[in-house]
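# Overview (structure and organization)
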Amino acid sequence: MKRLFLLSLFMLAAATTYAGGYRVSLQGQRGLAMGHTGVAVVNNAELAFFNPAGLVFLENKINASVGVSAVFSDVVWQNDEFGQVERTDSPVGTPFYAYFSYKLNDRLSLGLAAYTPYGSAVEWDKDWAGSHLVNDIELAAIYVQALASFKITDNLAVGGGPIYVSGSVNFNRNLDRTLSDFEGNRTNVTIDASNVSAFGWSAGAMWSPVDSLRIGVNYRSEILVEAEDGDADFENVPNSPLTPFSDTQFDATLPLPAELSIGVSYQLNEQWLFAFDYNRTFWDVYNSLDVDFANPNIPDSFNPRAYEDSNNYRFGVQYTANETFTLRAGYYFDGSPVQDGYFAPETPRNDSNNFTGGLSINVTDNVAIDAAFLYSRFKEIDATYSPDPSEFPDYEGAPFGGTYKSSAFVPGLGVTIKI
Amino acid sequence: MKNYFKYMAILALGIVSCEPELENSIEDGDVYTNGEADFSNYVALGNSLTAGYADGGLYVTGQQNSFPNILAEKFSMVQETGEFLQPLVNDNTGGLLLGGNQITQNRFVLAVGANGPSPARYTGAQPTTEVSNKLSGPFNNMGVPGAKSYHLGAPNYGSVAGVAAGTANPYFARFSSSESATVLQDALAQDPTFFTLWIGNNDVLGYATSGGVGEYQETETNPALYADGDITNPVIFNAVYGQLASSLAETADGVLINIPDVTSVPFFTTVPNNALALDAATATQLTQYFQAVSGVLTQVLIGQGVPAPQAQALAGQYAITFNEGPNRFLIDTPVTQTNPLGFRQMTEEELLVLTIDQGALASGYGSVQFTQAVGEVIAVLQAGGMPTEAQVNTLFGAVSGIDDKDVLDSEELANIKDATTKFNNSIQTYADQFGLGYVDANALLTQLDNGGISFDGGSVNSNFVTGGAFSLDGVHLTPRGYAIIANAIIDEINATYGSNVPKANVGAYGTVTLSQDVQ
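In this text, all values refer to a predicted model and were calculated from it rather than measured experimentally.

Looking now at the overall build of chain B. From N to C terminus, chain B includes 18 helices and 18 strands. When the backbone C-alpha atoms are referred to their principal axes, chain B occupies close to 125 × 45 × 45 Å. Buried residues in chain B amount to 48% of all 519 residues.

This is how it looks when you write it as structure tokens:
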């Protein structure tokens, strides 16, 4: 049985894995190892993210879980017509999480959570063929949340709490495909805003109709990160009144979309646990990234996105081998919010198949090490960025396209403590 | 257990192949083929158009966007190629120094002045390219600004000592392998596997830009006796070009590029020949003036014993009528028996050069310079009086026809057309004879002048400053214009040699450079 499981784990690993848009589904090594399921799984403090309603079902009085992942993601782009090839040289992303819950009494648990569900770091070669869309971009959003989990009946609980977000964005692109200063250096702009605060909330419910079966639902609200008076830094601007670009401030709104999760888990026996989650991320809110420059002489920048709501389907399995080892594997399909004609190299994400695996080692009765990995493989895709002028009349950029292929490999490590 | 290993192997592969790989990868050589051509050592021969000259100067960013450099970059995606070396100048000012003294002017930039954007010479920095600082080659781009067909095989054309004497070319002197080396020798010494040859433009362009002041050499066979502004004898061109093409084709594949009709470039199409804009009063005044000229001349001729009908016919050509609105300018012509006053109105197809003094045009150059004295003569005539001989001279002398150097008249245009046609016939014949590609740049530039060429982000045409194809000197191309040439050459290469070299993305190449660093 054990060997069989190992085989299936390897098989999954060998196939292919990551999340659409700039959603980064790495909010718990145990959940991640099971295809990032967890809205209906009672396992450890990761519930603070997946479904705070479940916190009150945790057996121990104090539960904590922290972890970090290393995102190695690469994109290759090629244009056959013009003989161009580029590969991203993106920095390693390090999304993290830290969860804590405390059982006040049998019916009520309180918790605290910090996690990074949205982020992106993509770095192309400076002045590459798509530099009028992006040279490099780094988005980060840290969620900090206070939680309460309340047991209504023995098999039904609700939970949730307010979220505070601290967001930052740093985005550099060339103004267009050709503009340069006298020495031939390309004119570019960096917009930078950090410590931008915003608020939201999440709430969930968990119900166990029978002991072996749990059903969960969780909703995290949309949060609009509104950058005000961020810094816009124009470089290599030609010395000419025809190009009136100079450093200024900007306002822009970056949406962190709402997410609805519905899931079910089934405990077959002491060894085997199966989980299925469905997520819908309400990307529709991300229609256009509009940058409003304070200097009235500088035309505002419109970056059409036209994202649409996306769906994820997640499957996970957990095998408790013995008192020390627990093995996990999972798969999820990650639907991309990016539509035809809006495939921008800033978040080059098409649909992906994601394979996960991992294990926990119980070092003591109170401490476990959680390891997980994720491998995302994307289908090769021929795609363009050429916003529909009838929908985005203000967009003036040139079309850009080619063949893309992305991949991501994400190992992660965490610690679970229960006292 | 066997399966176990199999899955282990797949797992290992899965982790190793973390870098995404495309099914048909350019890097892996899956996409392009060089066909029958070998691009491994490409050498480009030619003049300013090959060198990447633009905006009235040779400067680094222009050279980086030369069509040979664009081609070489695309060739390097198709097969393993050597580095494509260009004799880069030192800066972006466009000027050259010889012994510390500036010998060529700085380039143009587009500067916004009181009357809006217009080209001006860049003055933001001193040029630092010293001709006598010889570069050590060899260089793949052997484009030499100013070179005519017969210069490529001319010894001492790259002599630094000859530059001051006016017998050598400063651009070639910078990188010639020796004082006596020829461009062709330096090219052949590199054992090129592939070449482009675009030469002959200057064999007619010099004549055209100087307003056809030079001569169309139809009998003289010694190029050493030609002036800069002469048109090369087509027989000599044919012989010289044949030598160039045959030497190159002996060991290399390549492409010959023909000569555009130089009169289709903005240098000749920007200043309209009917820019004499008149209000009704001025038109009437001019018409009356020329009636007076015609009448007086008739009397003068009759006085000289010319029969009246003949005198009237001869003088009648000067009774030019002007209308409110645009009118064509007057040009000076040689004084002949049939045109005794030596001027006439321009015909519809005749052209003015870009460098004509437009301020002068606005103040009577190309029409009549009215003075008080002229007005007095006209008053005398209108009163029915007879002007004195001095007054007649004053009257006739007020005509200010445009000088020969500023205009291409119909005869000069015919010379240009004749020579261009003959040159291109030669080029095409040699392309056929040696099995080389033949690019019709003439047709391409004509297309730019007639509607333009579109690309994914817009279109380019021959309009000066705004068209996108021509740089601010009105003759040479912008990076975008050079990219269009490169694409035409690539099309021809692919058709001739069965290759599929990728194209240049025209919209990603710039046009004119903006700067206020001008005087």
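The subject of this paragraph is the environment of B:Leu96. Residues and elements named next belong to chain B. Residue placement: Leu-96 occurs in strand 2 (residues 96-98). For Leu-96 and Thr-129, which are 33 residues apart along the polypeptide, the C-alpha to C-alpha distance reads 5.2 Å. Excluding residues within four positions of it along the chain, Leu-96 makes contact with Ile-103, Thr-104, Pro-127, Thr-129, Val-131 and Pro-170.

Moving on, we come to unusual backbone geometry. Note that the residue after B:Gly137, namely B:Pro138, is joined by a cis bond; omega there is 5°. In this structure, B:Pro138 sits in the loop between strand 6 (129-130) and strand 7 (141-143). At A:His36, a position not held by glycine, the phi torsion is positive, near 55°. Along the chain, A:His36 falls in the loop between helix 2 (29-33) and helix 3 (47-50). A:His36 gets classed as buried once you count the C-beta atoms within 10 Å, which come to 29. One non-glycine residue with positive phi stands out, namely A:Asp127, at about 65°. With respect to the helices, strands and loops of the structure, A:Asp127 is situated in the loop between strand 5 (108-123) and strand 6 (136-153).

Turning next to the packing of helix 11 (residues 280-303) of chain B against helix 15 (residues 389-397) of chain B. Residue and element names in this part refer to chain B. With their axes 10 Å apart at the nearest point, helix 11 and helix 15 run at an angle of 135° to one another. One way to sum up the angle between helix 11 and helix 15 is to call them oblique. In this structure, the crossing between helix 11 and helix 15 has a hand that is left-handed. For the pair formed by helix 11 and helix 15, the contact residues are Ala-292, Val-293, Val-296 and Val-300 on the first element and Val-392, Leu-395 and Phe-396 on the second. Here the residues of the contact of helix 11 with helix 15 are counted per class, giving seven nonpolar, no polar and no charged.

Rules used throughout
Residues numbered from 1 in each chain as written. Chains lettered and ligands numbered in written order. Predicted model: local features only at pLDDT ≥ 70, side-chain atom pairs only at ≥ 80, totals over all residues. Helix = DSSP H or I, 4+ residues; strand = E, 2+ residues; numbered from the N terminus. Buried ≥ 20, exposed ≤ 12 C-beta atoms within 10 Å, placed from the backbone. Contact = placed C-beta atoms within 7 Å. Axes fitted to C-alpha atoms, helices over the stretch in contact; angles between N-to-C directions. Parallel < 35°, antiparallel > 145°, perpendicular 65-115°, else oblique. Left-handed = near helix turned anticlockwise from the far one by under 90°. Nonpolar A, V, L, I, M, F, W, Y, C, P; charged D, E, K, R; others polar.

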